[in-house]
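As a plain string of letters, each chain reads:
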Amino acid sequence: MRLRFVAASCACVSLAACGGWKSGQANSAQGNISQDSRPPATGRASAVTNAAATNGMATNAMVMLAVPLAKNQALHVMQVRHEGMETIGKNMKVLTRQVTGGSPDTGVVRASAAQIANLSRQASGWFPAGTGPNVGKTGAKPDIWQNPQDFSAKLHNFQLAAQAFNAAAASGDTNAIRAKFADLGGACKACHDKYRSEMHH
Amino acid sequence: MSSEKKQPVWDLPVRLFHWLLAALIVFSWWSVHHHHTDWHIWSGCAILTLLIFRLLWGFVGSSTARFSSFVRGPRAIAGYWRGQWVGIGHNPLGALSILALLGALAVQVSLGLIAEDEDGIYLGPLAGLVGTDTSDKARDIHELWFNVILALIALHLLAIIYYRLRGKKLTLPMITGRAELPPDTQPMRPGKWWIALICLAVGIGITRWIIAGAPPFGS
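If you're wondering where the values come from, they're calculated on a predicted model, not measured in any experiment.

## Thoughts on the overall build of chain A
From N to C terminus, chain A includes nine helices and zero strands. In chain A, which comprises 201 residues, the share counted as buried stands at 39%.

## Some thoughts on the overall build of chain B
The helix and strand inventory of chain B stands at eight helices and two strands. Taken along the three principal axes of its C-alpha coordinates, chain B extends 60 × 35 × 35 Å. Per-residue burial for chain B yields a buried fraction of 29% across its 219 residues.

## Remarks on the packing of helix 2 (residues 37-60) of chain B against helix 8 (residues 193-211) of chain B
Residue and element names in this part refer to chain B. Two numbers describe how helix 2 lies on helix 8: the axes approach to 8 Å, and their chain directions differ by 140 degrees. Compared by their axis directions, helix 2 and helix 8 come out oblique. The handedness of the crossing between helix 2 and helix 8 comes out as right-handed. Here helix 2 contributes C45, L48, T49, I52, F53, L56, W57 and V60 to the contact with helix 8, which in turn contributes I195, A196, C199, L200, V202, G203, I204, I206, T207, I210 and I211. Across the contact of helix 2 with helix 8, the residue classes tally to 16 nonpolar, three polar and no charged.

## Regarding the interface of chain A and chain B
Each partner contributes to the interface: chain A provides 19 residues, whereas chain B provides 17 residues. Listed by contribution, the elements that provide at least two residues to the side of chain A that touches chain B are helix 1 (3-13), helix 5 (71-100) and helix 9 (174-195) of chain A. Element by element, the count of residues in the side of chain A that touches chain B is highest for helix 5 of chain A, at eight residues. Counted by class, the side of chain A that touches chain B contains six nonpolar, eight polar and five charged residues.

## What to know about helix 8 of chain B
Residue and element names in this part refer to chain B. The terminal C-alpha atoms of helix 8 lie 27 Å apart, and with 19 residues this matches the ideal 27 Å at 1.5 Å per residue to within 8%. Of the surrounding secondary structure, the elements contacted by the buried residues of helix 8 are helix 1 (12-33) and helix 2. Positioned one or two residues after helix 8, G213 has a phi angle of 105 degrees, which is positive.

## Some words on unusual backbone geometry
Residues and elements named next belong to chain B. Phi at H35 takes a positive value of approximately 65 degrees, unusual for a residue other than glycine. Along the chain, the position of H35 falls in the loop between helix 1 and helix 2. By the C-beta count within 10 Å, which is 16 here, H35 ends up partly exposed. Unusually for a residue other than glycine, D184 sits at a positive phi of about 60 degrees. Considering the arrangement of structural elements, one finds D184 in the loop between strand 2 (178-180) and helix 8. A count of 7 C-beta atoms within 10 Å places D184 in the exposed class.

## Here's the deal with the environment of N175 of chain A
For N175 of chain A, the position within the fold is in helix 9. Separated by 42 residues in sequence, N175 of chain A and P133 of chain A place their C-alpha atoms 40 Å apart.

## Observations regarding the packing of helix 5 (residues 92-114) of chain B against helix 6 (residues 132-165) of chain B
All names here are of chain B. Contact geometry of helix 5 with helix 6 gives a least axis separation of 8 Å together with a crossing angle of 160 degrees. By the angle between their directions, the pair helix 5 and helix 6 is classed as roughly antiparallel. Seen from above, helix 5 lies across helix 6 with left-handed handedness. Of the residues assigned to the contact of helix 5 with helix 6, the class counts are 16 nonpolar, seven polar and no charged.

## Some details on the environment of I153 of chain B
Structurally, the position occupied by I153 of chain B is in helix 6. Linking I153 of chain B and L101 of chain B, residues 52 residues apart in sequence, is a C-alpha distance of 7.7 Å.

## Focus on helix 6 of chain B
Residues and elements named next belong to chain B. The first and last C-alpha atoms of helix 6 sit 50 Å apart over 34 residues, in line with the 50 Å expected at 1.5 Å per residue. At E143, helix 6 shows its strongest bend, of approximately 25 degrees. Within helix 6, burial applies to S135, D136, A138, R139 and H142. Buried residues along helix 6 sit in contact with helix 5.

## Quick word on the confidence of the model for chain A
Mean pLDDT over chain A stands at 75; residues scoring 70 or higher make up 65%. Mean pLDDT per element in chain A: helix 2 (residues 28-36) of chain A is the minimum at 35, and helix 8 (residues 148-171) of chain A is the maximum at 97.

## Regarding the environment of A123 of chain A
Residue and element names in this part refer to chain A. Among the secondary structure elements, A123 is positioned in the loop between helix 6 (106-122) and helix 7 (143-146). For A123, a count of 22 C-beta atoms within 10 Å puts it in the buried group. Look past the residues within four positions of A123 in its chain and what remains in contact with it is G84, L155 and Q159.

What counts and what doesn't
- Residues numbered from 1 in each chain as written.
- Chains lettered and ligands numbered in written order.
- Predicted model: local features only at pLDDT ≥ 70, side-chain atom pairs only at ≥ 80, totals over all residues.
- Helix = DSSP H or I, 4+ residues; strand = E, 2+ residues; numbered from the N terminus.
- Buried ≥ 20, exposed ≤ 12 C-beta atoms within 10 Å, placed from the backbone.
- Axes fitted to C-alpha atoms, helices over the stretch in contact; angles between N-to-C directions.
- Parallel < 35°, antiparallel > 145°, perpendicular 65-115°, else oblique.
- Left-handed = near helix turned anticlockwise from the far one by under 90°.
- Contact = placed C-beta atoms within 7 Å.
- Nonpolar A, V, L, I, M, F, W, Y, C, P; charged D, E, K, R; others polar.
- Expected span 1.5 Å × (residues − 1).
- Bend = angle between axes of the 7 residues up to and from the residue.
- pLDDT = per-residue confidence, 0-100.

Here's what the structure looks like:
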């Protein structure tokens, strides 16, 4: 079983290939799954607004987009997503050291917090249907498009946590920074635990 | 085979060490696969305490616990291979397995101490002493190194099965601490319980110091 890790780590080296993997299947499958899972999907737009309205967040409408993307479009989104997540991760690592250390460097914390907040907003467009593992190499589980409402809620939580942390960083209040950073980590984890596979990188 | 003829071969600290270590290895594996990275880190720290304890007990413990009683040179190993070894405790060949397991676990714990998770949410207690790149590399090796530990555990279990097929039961003595002695051998000389407690206290102390972030308590 651990061989999967060997494979995963080797795959790490070929990061550049991310999103460039060939797939045996047309990308429409994900779109269909997503569409089938919602009862009254009379059309693309209504499906989007339905789910978005339920969660009270129009920002995550892209998660619901049920119309299949062209393959090259899908691969592009997946690459942007991958790079975005990597950048968020890098900033998180910088922040963890700052925040858990004695006295955080406010400038460093602010810069990273702003970058994460910015990327979190872009994340609304990172999960259109048809960007799952049957299209290309990705850690995004098919469950994302099977539980669009739950996923959207978690994504939204992450976005809120990222904004709140950004605000705390701007204020420079170390206690607030620590608290909001813990919330942010929790928001990342809540989604990753459920919707990210181990076969990513 | 009556139980009165059974004599002490493993003391309680060695047995507790063995089974706690086995349980914590399983728990470490399980917890990290079920997204309980915090538990995984605590489990690793507990293993660190056990390893420190075992290292010390290997110098001041009971006769079969001491490295000096079981770590032997190539000649003794070759002699064992030819069937010329009589004794209790780890045989000269098995000793290599013990050293390899303890060493591999020490490497694994050390890597874990300076690692960080891939999302930058969890840091090993000493990760603050190294950079992000080093921490990431340590995590990658930590994941790969587990395969080495698995291989050594597999070898350990295969050896137990092999001895069992040849009529020597090894598992029960590791539970009860007692076994029938080969002719002309002495039973285990026990260590002192308060020395065991000191070893444990030192293990806990060093672990707590490391959890605090080591040298002057963090970077």
